[in-house]
Amino acid sequence: MSPLRVEASVELLLGSQDASGAIPASPVHEVYQFGWLRDGSWCAYALDVAGHPGAASRWHHWVARTLIRHEHRVDEALSAVATGQVNGQVMMPARFTLDGDEEDVVGAEEWPNFQTDCYGFWLWALADHVSRGGDLDEELERAARLVVRYPMGAAEVPCFDCWEENPGLVHTYSVGVNAAGVRDAGELLGDQAALGLAVPLGMVDVNDALFGVMLQRVVSELRVHGGGVRRYLGDSFHGGSQWLLLAATLGWCADVAGQRELAVELLDWVTASADAEGHLPEQVAEEVQSPHMLAFWREKWGGTATPLLWSHAMHIVLSHALE
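What you see is a predicted model; the values in this text were computed from it and never measured. (Residues numbered from 1 in each chain as written. Predicted model: local features only at pLDDT ≥ 70, side-chain atom pairs only at ≥ 80, totals over all residues. Heavy atoms only, no water.)

### What about the side chain of arginine 73?
Thinking step 1. The residue arginine 73 is located in helix H4 (residues 71–83) in this model.
Thinking step 2. Taking relative accessible area as the criterion, arginine 73 reaches 6% and is therefore assigned buried.
Thinking step 3. A polar contact is formed between the side chain of arginine 73 and the backbone oxygen of valine 90, at a distance of 2.6 Å.
Thinking step 4. Ignoring anything within four residues of it in the chain, the contact list for arginine 73 reads Gln89, Val90, Met91, Met92, Pro93 and Glu102. (Helix = DSSP H or I, 4+ residues; strand = E, 2+ residues; numbered from the N terminus. Buried < 20%, exposed > 50% of the residue type's maximum accessible area, 1.4 Å probe, protein only. Polar contact = N/O pair within 3.5 Å; in protein donor to acceptor, adjacent residues only side chain to side chain. Contact = heavy atoms within 4.5 Å.)

### Focus on helix H1 (residues 6–16)
Thinking step 1. Restricting attention to buried positions, one finds in H1 the residues Val6, Ala8, Ser9, Val10, Leu12, Leu13 and Ser16.
Thinking step 2. Where H1 is buried, its residues meet helix H2 (37–49) and helix H12 (309–322).

### Re the packing of aromatic side chains
Thinking step 1. Evaluated as defined, the whole model comprises 21 aromatic pairs.
Thinking step 2. Note on tryptophan 42 and tyrosine 45: the rings are 5.9 Å apart at their centroids and 85° apart in plane angle, and the pair reads as edge-to-face. Of this pair, tryptophan 42 and tyrosine 45 both sit in helix H2, three residues apart, roughly one helical turn. When sorted by exposure, tryptophan 42 lands in the same class as tyrosine 45, which is buried.
Thinking step 3. By the ring-pair criterion, three or more aromatic residues cluster together here, those being Tyr32, Phe34, Trp36, Trp111, Trp163, Phe237, Trp243, Phe296, Trp297 and Trp301.
Thinking step 4. Here the basic side chain of arginine 95 rests over the ring of phenylalanine 34, its NZ or CZ set 5.8 Å away from the ring centre.
Thinking step 5. Arginine 95 extends its terminal NZ or CZ atom over the ring of tryptophan 111, reaching a point 4.0 Å from the ring centre. (Phe/Tyr/Trp six-rings, centres within 6.5 Å; stacked < 30°, edge-to-face > 60°. Lys NZ or Arg CZ within 6 Å of the ring centre and 35° of its normal.)

Structure, rendered in structure tokens:
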């Protein structure tokens, strides 16, 4: 089949958005039908980039309404930080149901839901949305002022990383995202007392030698030759497959760093990974690190989430960057 068109990814994001404005991680994969603040904000950012600010605005207003409903939870979480009683149940959740409720975990498998990066990333995405002409109305401003309080108090608290792994550690990405979110929210809200990684957050200079070394290590250690990008060496989730959203992210960084040929190669691999319906999966199970664990996860959750809207969002973002 022909490579996936950007327009198809845009149409999928638009068609998957709930009437409430919520954007699920996947519209069909049963386990992923929640609104993650991080995933949905990436989708909203991609829709802004693609010229659909109305859809992005509906997402941001869904987040605002949801968080304002749970305003008391911010106070509870910050109180837990202050008293040294932090745990995954009291801290703010990374995902909500599409109705804006907290996930009902009674009788369900415990699933990590304490990831601080989600809140910083929503602040960053909201500020970017407003900078493109979006309206900062009373509801959005109230939610932004509410959310700023959370990373200011909890950004350096040990939590799960963005992959819902490695609890009990302080993660560079999580802290960096929160710093960027608070920085941009401070400018957005006119509060320059707020804190003021490379792409797109601008927390690291792409010309910095350390960033260059990191980029080269990702290419040499995690990129599959001619293919996608693994999360990390030794990853066992779905066998340690190749992630499309990471391939697109690497392509974006490579383009900004002047490595356009690599960026084009990665975009070509992403677009060629679409199935017959034009859907991009979360991962491609080729040259996996652990065939045994691939079989385990397939038996546990079925195939990889397809479509994964974050994959489509990054397809849009990288395509527009290369234009």
